[in-house]
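# Per-entry structural report
Read off the chains here:
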Amino acid sequence: MVAVKHTTLGGKAFRAVLWVAFALFFLFPLYAMADFSTRNLLAGGRTMAAWQNLVADDALYQSIVISLLLAVFTVVAMLLLLVPTMIWVRLRTPWAKGTVEFLCLLPLTIPALVIVVGLRNVYLWVTYFLGESALTLTFVYVVLVLPFAYRAIDAALSSIDLQTLAEAARSLGAGWPTTILRVVVPNIWSGILSAAFISIAVVLGEFTIASLSGFQTLQVQIVQIGKTDGPTSVAASLAVLLFGFVLLLLLSLLTRSRRRAPALEAAAPIPTGVPE
Amino acid sequence: MTTGVAVELNDLTRVYGTVKALDGFSLHIEPGELVALLGPSGCGKTTALRILAGLDEATSGTVSVGGRDVSNVPANKRDMGMVFQAYSLFPHLTVLDNVAFGLKMCGKPKSERTSRAVDMLDLVGLSAHKHKYASELSGGQQQRVALARALAIQPRVLLLDEPLSALDAKVRAQLRDEIRRVQLEVGTTTLFVTHDQEEALAVADRVGVMSQGKLEQLAAPADLYANPATPFVAEFVGLNNKVPGEVSGGRARLLGTSVPALEGSVAGAGLAMVRPESVTIAADPAGTSTISSVAFLGPISRVYATLQDGSVISAQMASSQAKAFSPGDPVTVGVEPTGVLVVSD
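Numbering of residues starts from 1 in each chain and follows the order in which that chain's sequence is written. Working convention: letters from A go to chains and numbers from 1 go to ligands, in the order in which they are written. Residues qualify for local features only when their pLDDT is at least 70, as the model is predicted, and side-chain atom pairs are given and counted only at 80 or more; totals for whole chains, interfaces and linings, by contrast, use all residues.

The next subject is the overall build of chain B. Within chain B, the regular secondary structure consists of nine helices and 20 strands. Counting across all 345 residues of chain B, residues that qualify as buried make up 48%. Once C-beta atoms have been placed from the backbone, residue pairs whose C-beta atoms lie within 7 Å are recorded as contacts. In chain B, once contacts between residues fewer than 6 apart in sequence are set aside, the share between residues at least 24 apart is 66%. Helix and strand definitions follow DSSP, with helices as H or I runs of at least four residues and strands as E runs of at least two, each counted in order from the N terminus. For every residue, the other C-beta atoms within 10 Å of its own C-beta are counted; 20 or more classify it as buried, 12 or fewer as exposed, and values in between as partly exposed. C-beta atoms are placed from the backbone.

See the structure below:
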């Protein structure tokens, strides 16, 4: 008993040390950013001017709104495109799975600069039809987040017996939209949330394409402001980081509350393929 | 509770690439009848069921239910309840919501859904578990809920696709009897697909034996067992000894006995398919056969005897009777005067 207690105590101490080490490693830069963004560089002391600039500076505020809208539009477009496609491919055209996976992962292998050059001609038409709004970046960002979103949704779909669930729903009178929305989506919810939050993180962190295309997103503004107003630029960066942390926290809480071990995972896997 | 309808599968063919899963398959199910499709893996039984459910399309042929052609009706409009081989309860819903799901799709009001779902759960003895999730139930309980869910919509046809194959032997036997009880109670026309002959013989009004996409024989269980129409059925259903025999004038002569030859037997010399329970073994110091081994199977035993020509024959008898035999004992082997099928050797 004593030996067990010692091991437990030792384990707890080791865990505590690890926690402190990791906390210092990750939190110290954030503390430094918070410190710098609240420092009054001219008169000394503390000021919240840099943080007030996030809403007071019109250009910066506009870029925050644009980036947030881009994140929302990208997530919605990505989910509308990817979720039904992936479900359909798994159920009806499994032979196309390899091609879809290849296409979705392709953006990872193409440098942002090449994408910008390649898209220039396409965007002539996009701006012709939709105007020169920065929100047209949604199209590029949907492509950009595909590899990450595909992986998250694919993992969620692999963890359920999609074919049996869909067939059970259909045999009970559900049409395809109902089957997808009421049966499949609730069971891949954690994957959808992961895909959404990863996409938001990618969009809020993207600089190259927006900058080279001449659109004023938050990241582009942060770089520009950084040249003249260091504290405001750092305050904006810290705000984005904190926003990301909050999203991850939400993801963790939401998936935990919905996490119920699916019966299908507990059951012995039954091979699918050509029926008897 | 429900009035059964007739089901007609006419000349169904299903081709997957180069594989013909169904080859001119036809089946008629009477209203309220439970028909079991039995056959080895890959014989086409699941394909036939899936085509009836609307989950697969036949390459050719028609499906009619209650006299109406439903070949082009999608699965969600066919009004058929289905229990799958894999556990198919929706993991995000409680047992009650699972059973009520189909009723919700039909647009039934919530009070009616709940009351009907509870009735169905009572029918399968699981109303105490109505607020649990699928992951909190055993495999047998999940399949019983799946049965309740399939019956809740009062389907015109109930389809059971090897619903017991993922369960252990004891639960399987219990649930098998429960399925039959519930089916008789609700009177729904039912198609039960299985590869387990004991299961098929125990629950079905009629059993259809399939091989290579075709129906070999469709008959009542006792009839199928006693009078197999083809060598495949004789071989697949029950155990058989293959004993040299000679057919003439409708009778087969084997092991020194003359017994009736079943329809479909070859004329002249062939191999008689003799069930172990039709083989008689009697202790005889002057006998030309000897006991080779005795296998104890609980209430019954299987006694193996080596014949004069060196071939081995098995006989099934009560264990109390089999106790009298030991390896090396001289015996006389005979056949009871039941019909046998004689096939060409």
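Turning to the environment of B:Q321, a few remarks are in order. Within the fold, B:Q321 resides in helix α9 (residues 319-322). Taking C-alpha positions, B:Q321 is 8.9 Å from B:I300, a pair spaced 21 residues apart along the chain.

Another point: the confidence of the model for chain B. Across the chain, each position has a pLDDT score giving the predictor's confidence in that residue, from 0 to 100. Per-residue confidence for chain B gives a mean pLDDT of 90; residues scoring 70 or more make up 99%. Scored by ipTM, the complex comes to 0.82, with pTM at 0.78.

Our focus in this paragraph is the interface of chain A and chain B. Contact residues are listed per partner, giving 27 residues for chain A and 38 residues for chain B. Listing elements by their share of the side of chain A that touches chain B, those giving two or more residues are α7 (162-171), α8 (176-187) and α13 (263-266) of chain A. When residues of the side of chain A that touches chain B are assigned to their parent elements, the largest contribution, six residues, is made by α7(A). When residues are grouped by polarity, Ala, Val, Leu, Ile, Met, Phe, Trp, Tyr, Cys and Pro land in nonpolar, Asp, Glu, Lys and Arg in charged, and all others, Gly among them, in polar. Taken together, the residues that form the side of chain A that touches chain B break down as 16 nonpolar, six polar and five charged.

Residues and elements named next belong to chain B. Relative to each other, helix α3 (residues 110-123) and helix α4 (residues 139-152) sit at 135°, their axes nearing to 9 Å. In terms of axis orientation, α3 runs oblique to α4. Crossing geometry of α3 relative to α4 is assigned as right-handed. Residues R116, A117, M120, L121 and L123 of α3 pack against A148, L151 and A152 of α4. Of the residues that constitute the contact of α3 with α4, the class distribution is seven nonpolar, no polar and one charged. Helix axes use the C-alpha atoms of the stretch in contact, all axes being lines fitted to C-alpha atoms, and the angles between their N-to-C directions lie in the range 0 to 180 degrees. An angle below 35 degrees is treated as roughly parallel, one above 145 as roughly antiparallel, one from 65 to 115 as roughly perpendicular, and anything else as oblique. Crossing handedness is defined as follows: a turn of the near helix away from the far one that is anticlockwise and smaller than a right angle gives a left-handed crossing, while the clockwise case is right-handed.

Residues and elements named next belong to chain B. Pairing between two strands is assigned when DSSP locates at least 2 bridges connecting them. Bridge count between strand β1 (residues 7-16) and strand β4 (residues 60-65): five bridges; the pairing is antiparallel. Within the sheet, the bridge partner assigned to N10 lies in β4 and is T62. Bridging between β1 and strand β2 (residues 19-29) involves eight bridges; their strand directions are antiparallel. Bridge pairing in β2 links L9 to L27.

A few words on helix α5 (residues 169-186) of chain B. Residue and element names in this part refer to chain B. Counted at 1.5 Å a residue, the expected span for α5 with its 18 residues is 26 Å, and the 26 Å between its end C-alpha atoms agrees. Of the residues making up α5, those classed as buried are R172, L175, R176, I179, V182, Q183 and V186. Taken around the axis of α5, the buried residues stretch over an arc of 135°, which confines them to a single face. For α5, the exposed residues set more than 90 degrees away from the buried face come down to K170, D177 and E185. Along its buried surface, α5 packs onto β3 (34-38), α3, α4, β7 (157-161), β8 (189-194) and α6 (197-203). A positive phi of about 70° marks G187, the residue just after α5. In this analysis, the expected span of each helix is defined as 1.5 Å times one less than the number of residues it contains. The arc refers to the directions leading from the helix axis to the C-beta atoms.

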